[in-house]
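Residue-level listing of the chains:
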Amino acid sequence: MRFITWLTILALLFATSCTKVQVPTVEVNVTQVKELTLDPNAAVWDAVSLHASKMILQDLVEPRLLEPSTPEVMVKAITNGSEIAFRLEWLDESQSDMPGPRHFIDGCAVQLPSKLDPNVPAPQMGEVGKTVEISYWRADWQAIVEGRADNINAIYPNASIDHYPAEAKPLENNPQAQAETAARYAPARALGSRRSGPREQPVEDLIAEGPSTLSPAPNSFSKGKGVKTAKGWAVVISRPMPTGFSAATPSQIAFAVWEGSHIEVGARKMRTGWVPLILK
Amino acid sequence: MARVNNWQLGREMSYWYPESRPQKQFAAVFDTNKCIACQTCTLACKTTWTSGKGQEYMLWNNVESKPYGSYPLAWDLNLLSLLDGQNWGEENGQSVYKGSTIFESAPAGERVLGWRPEDEDYAYPNVGEDDCAGGIEHGASIEIPHAMAWFYYLARICNHCTYPGCLASCPRGSIYKRPEDGIVLVDQNRCRGYQECVRGCPYKKVFFNPMTSTSEKCIACYPKIEQGLSPQCFANCIGKIRVAGFINTPDKAEADNPIDYLVHIKKVALPLFPQFGLEPNVYYIPPIHVPTAFTRQMFGPGTDKAVEIYRNAPNDQDLTSLLGLFGSTEAIMRKWKRVGDKAIGMDENGKELVNVPFKEPVHIRPAYDKLYQITRTNCP
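Residues numbered from 1 in each chain as written. Chains lettered and ligands numbered in written order. Predicted model: local features only at pLDDT ≥ 70, side-chain atom pairs only at ≥ 80, totals over all residues.

**Let's talk about the overall build of chain B**
Counting its secondary structure elements, chain B contains 10 helices and 19 strands. Computed over its C-alpha atoms, the radius of gyration of chain B comes to 22 Å, within 12% of the 21 Å expected for a compact globule of 380 residues. Expressed as lengths along the three principal axes of its C-alpha atoms, the size of chain B is roughly 85 × 55 × 50 Å. Across the 380 residues that make up chain B, the buried fraction comes to 50%. A sequence separation of at least 24 residues applies to 60% of the contacts in chain B between residues at least 6 apart. (Helix = DSSP H or I, 4+ residues; strand = E, 2+ residues; numbered from the N terminus. Rg over C-alpha atoms; globule rule 2.2 N^0.38 Å. Buried ≥ 20, exposed ≤ 12 C-beta atoms within 10 Å, placed from the backbone. Contact = placed C-beta atoms within 7 Å.)

**Side note on the overall build of chain A**
When its secondary structure is counted, chain A shows five helices and 14 strands. Taking all 280 residues of chain A together, 38% fall into the buried category. Across chain A, contacts joining residues at least 24 apart in sequence account for 66% of those joining residues at least 6 apart.

**Quick word on the packing of helix α8 (residues 292-299) of chain B against helix α9 (residues 303-311) of chain B**
Residue and element names in this part refer to chain B. Contact geometry of α8 with α9 gives a least axis separation of 9 Å together with a crossing angle of 110°. Relative to α9, the element α8 is oriented roughly perpendicular. Of the residues in α9, those touching α8 at T292, T295, R296 and F299 are T303, D304 and V307. Counted by class, the contact of α8 with α9 contains two nonpolar, three polar and two charged residues. (Axes fitted to C-alpha atoms, helices over the stretch in contact; angles between N-to-C directions. Parallel < 35°, antiparallel > 145°, perpendicular 65-115°, else oblique. Nonpolar A, V, L, I, M, F, W, Y, C, P; charged D, E, K, R; others polar.)

**Topic: the domain arrangement of chain B**
Residue and element names in this part refer to chain B. Looking at the assigned domains, one finds that chain B contains domain 1 (2-26 + 40-134 + 146-236) and domain 2 (320-380). Contacts between the two partners involve four residues from domain 1 and, on the opposite side, four residues from domain 2. When its residues are assigned to classes, the side of domain 1 that touches domain 2 shows two nonpolar, two polar and no charged. (Domains from an automatic or database assignment.)

**Regarding the domain arrangement of chain A**
Its domain assignment divides chain A into domain 1 (23-150 + 201-279) and domain 2 (160-197). Computed from C-alpha coordinates alone, the two centres of domain 1 of chain A and domain 2 of chain A are separated by 33 Å.

**A closer look at α8(B)**
Taken together, the buried positions of α8(B) are B:T295, B:M298 and B:F299. Summarising the axial view, the buried residues of α8(B) lie within an arc of 75°, below the 170-degree limit, and thus occupy one face. (Arc of directions from axis to C-beta.)

**Section: the nonpolar core**
In this structure, B:V29, B:L262, B:A269 and B:Y283 are the most contacted members of the largest nonpolar core, which totals 98 residues. Residue contributions to this core peak at five residues, all from strand β3 (residues 25-31) of chain B. Counting the residues that make up this core, at least three belong to each of domain 1 (2-26 + 40-134 + 146-236) and domain 2 (320-380) of chain B. Excluding residues that lie within four positions of it along the chain, B:Y283 makes contacts with B:A27, B:A28, B:V29, B:L262, B:V263, B:A269, B:L270 and B:P271. Counting 47 residues, the second-largest nonpolar core is a separate cluster that includes A:M55, A:C108, A:V132 and A:V257. (Core = buried A, V, L, I, M, F, W, Y, C linked by C-beta atoms within 7 Å.)

**A word on the confidence of the model for chain A**
Summing up the model confidence of chain A, the mean pLDDT is 92 and the portion of residues at 70 or higher is 93%. Here residues 12-18 of chain A scores under 50 on pLDDT; set against residues more than four positions off or in separate chains, the count is zero contacts. (pLDDT = per-residue confidence, 0-100.)

**Quick notes on the environment of A:S212**
Relative to the helices and strands, A:S212 is located in the loop between β8 (203-208) and β9 (215-216). Using a count of 15 C-beta atoms within 10 Å as the deciding quantity, one classes A:S212 as partly exposed. Excluding residues within four positions of it along the chain, A:S212 makes contact with B:P171, B:R172 and B:G173.

**Describing the sheet that holds strand β16 (residues 342-346) of chain B**
All names here are of chain B. Judged by pairing direction, the sheet is antiparallel, and its three strands sit side by side in the order β15-β16-β17 without closing on themselves. Two strands in the sheet have a free side with no partner beyond their single neighbour: β15 (335-339) and β17 (352-357). Taken pair by pair, the neighbouring strands of this sheet meet at an average axis angle of 20°, ignoring direction. Bridge count between β15 and β16: five bridges; the pairing is antiparallel. In the strand pairing of β16, W336 is matched with G345. Those strands touched by helix α10 (residues 317-324) are β15, β16 and β17, and its axis lies near 125° from that of β15. (Pairing = 2+ DSSP bridges.)

**Describing the environment of A:F104**
Residues and elements named next belong to chain A. Of note, F104 is situated in the loop between β5 (83-91) and β6 (107-113). For F104, a count of 24 C-beta atoms within 10 Å translates into the label buried. Sequence spacing of F104 and E264 is 160 residues, and the spatial spacing of their C-alpha atoms is 6.7 Å. Those residues in contact with F104 that lie beyond four places of it in its chain are S96, G260, I263, E264 and V265.

**Notes on the pairing of strand β11 (residues 232-240) of chain A**
Residues and elements named next belong to chain A. Summarising burial for β11: seven of the nine residues are buried, a large majority. The pairing of β5 with β11 spans nine bridges and is antiparallel. Bridge pairing in β11 places L91 opposite G232. Bridge analysis of strand β10 (residues 223-228) against β11 gives six bridges, and the strand direction is antiparallel.

**What to know about the environment of A:A109**
All names here are of chain A. Relative to the assigned elements, A109 resides in strand β6. In this structure the C-alpha to C-alpha distance between A109 and I278, which are 169 residues apart in sequence, comes to 19 Å. Apart from residues lying up to four places away in sequence, A109 is in contact with I134, S135, Y136, F255 and A256.

**Notes on helix α1 (residues 40-49) of chain B**
Within α1(B), burial applies to B:C41, B:T42, B:C45, B:K46 and B:W49. Along the long axis of α1(B), the arc covered by the buried residues comes to 130°, so they all point the same way.

**Thoughts on the confidence of the model for chain B**
For chain B, per-residue confidence averages 95 on the pLDDT scale, and residues scoring 70 or more make up 96% of the total. For this predicted complex, the interface confidence reaches an ipTM of 0.91, while the overall pTM sits at 0.93.

**Structural notes on the sheet that holds strand β14 (residues 282-285) of chain B**
Residue and element names in this part refer to chain B. Spatially, four strands are ordered β12-β3-β14-β13 in an open sheet, and the strand pairing comes out mixed. Either end of the sheet is taken by a strand with one partner, and the two such strands are β12 (242-247) and β13 (270-271). Where β3 lies against β12, six bridges are found, and the strand directions are antiparallel. Bridge assignment links A28 to a residue of β12, and that residue is A244.

Structure (structure tokens):
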């Protein structure tokens with residue numbers, strides 16, 4: 001009788017553990033859901049198949065990343081028919097979300113071909129005539145959209161600033177003059193560079209036709225949310241469904257991760273090759 | 001990498017892009033012997049260009065006390081320690097750099113040899129101010145000629161290099177050199193703030209703006225240059241240590257071009273750390289009271305001769321007159337000439353911009369004043 005009891009307990013434990021451990025698939029399977037979520041901790045992700053994407057060094061163009069960091073990124077995907085969301089999770093014990101000299105930011109990106117074609121672009125950010133679309137999430141933008149002040153005191157709490165011309169007394173009742181004066185000392189913002197802020201989303205939409213060609217996408221449509229986990233980051237990036245992507249016509253997807261504390265920025269990154277993207 | 005000619009090295013060198021010189025090259029000469037480190041230039045620049053959010057720590061222009069001053073901290077020593085020493089040789093009577101530049105010694109996977117300052121390195125912009133090279137013993141007194149420890153002031157802006165390290169470092173091509181005047185700029189719409197330029201500029205004159213996630217740098221006040229005017233840090237220099245203009249290559253040097261005359265003909269103004277390989281276009285008249293063992297590693301093998309020429313300036317009317325034109329007008333002097341005891345600065349069409357006597361009338365007053373029948377003490 002005692003033997004049967006132990007056998008039952010072991011069987012139950014085994015069955016329980018089987019339900020928790022997902023066997024990764026070799027492709028990214030997109031599960032259809034009623035409602036999309038940007039919450040990396042939402043329950044909807046529990047039932048979605050998992051893809052473990054092995055990462056490799058970006059060592060095609062200088063500056064290259066010479067020492068590997070993030071070994072793999074765990075990916076899940078869902079769609080509501082019109083939008084598609086990807087949940088990326090990877091290990092990174094440090095939290096790098098403060099910009100500054102020699103401070104680099106944790107981030108991740110998903111990349112899709114602009115056009116469905118059996119002859120896919122080069123996975124290293126596409127090639128001439130074969131554009132890729134990139135949605136790029138950054139930890140510092142996440143902090144800012146969640147309410148962290150976008151000023152120097154958020155980075156250096158003890159910083160003391162005498163005066164900004166845009167905040168001069170004679171301008172205090174003239175918001176337009178204040179904005180114009182501030183723009184004089186922020187040329188990137190004056191030029192309308194989306195990257196330079198102010199920021200409403202932690203994700204930036206980009207296009208590329210090969211290394212060194214990364215440019216803002218004509219339209220800004222991606223959304224996202226990232227949360228720091230005990231051992232890394234979990235990030236959801238959503239964007240419109242790729243044109244032509246369906247159950248009958250699969251696509252390809254690639255991923256990149258930047259570990260800020262490892263001086264990863266721009267071309268210094270871990271990346272994957274193309275991975276099949278399949279609508280279930 | 002392409003092979004390009006760097007006349008400051010006396011040889012060809014490797015560079016990321018082929019040689020492509022601008023139609024004319026913005027350049028400047030700073031006379032270190034005149035600088036008093038009042039920082040008026042620093043403030044003129046700061047209030048004009050970098051008073052915004054994210055620019056708080058930026059000093060596109062700074063003045064540091066050598067040997068100990070540096071902003072950011074140890075910008076020069078850090079790179080010198082990465083380079084394999086300074087080996088200059090001589091071929092056909094010309095100095096030739098035998099060592100490696102930052103481009104030729106780029107490690108695997110990198111575009112240039114460089115290093116990244118940390119935020120603390122920007123926290124002490126005037127560290128070492130007025131600190132002497134050696135200790136002063138109790139009871140020391142001034143001796144002339146100079147027997148005491150030394151220091152001098154080094155005013156620095158972007159060198160608008162012919163072969164910019166920042167431009168070579170940027171993987172996105174966000175930095176460009178204007179073909180019309182050689183001024184080096186960061187395209188604020190294209191820059192993505194990777195800070196590769198900050199790493200790659202050996203002079204550390206590109207700064208990261210954490211508020212806009214872009215890198216920014218000295219723009220040589222190009223809106224003024226386009227109007228024929230000197231940059232703010234030149235126009236506001238109360239020591240009149242600076243002259244702005246345009247430089248030709250040595251083979252096309254023109255004696256009536258102020259910069260060409262000082263750099264190529266008199267060879268009294270020298271580039272800052274030519275061994276880095278960037279062909280910087282701000283030239284310095286080295287301090288004459290500093291041991292040349294120190295200044296030689298900073299300004300190259302022409303230092304001893306430059307000091308000798310400068311010391312002889314009282315006997316050289318042409319040089320004296322041109323030195324007198326420094327800071328005499330906000331307009332950029334494209335040409336100059338000496339007429340008797342006067343130096344004349346001109347625009348590119350030869351029209352006079354300024355006329356400066358370089359010998360002021362001297363009156364020696366007799367000790368006894370006959371008119372008032374009184375004896376006065378002549379004080380200096």
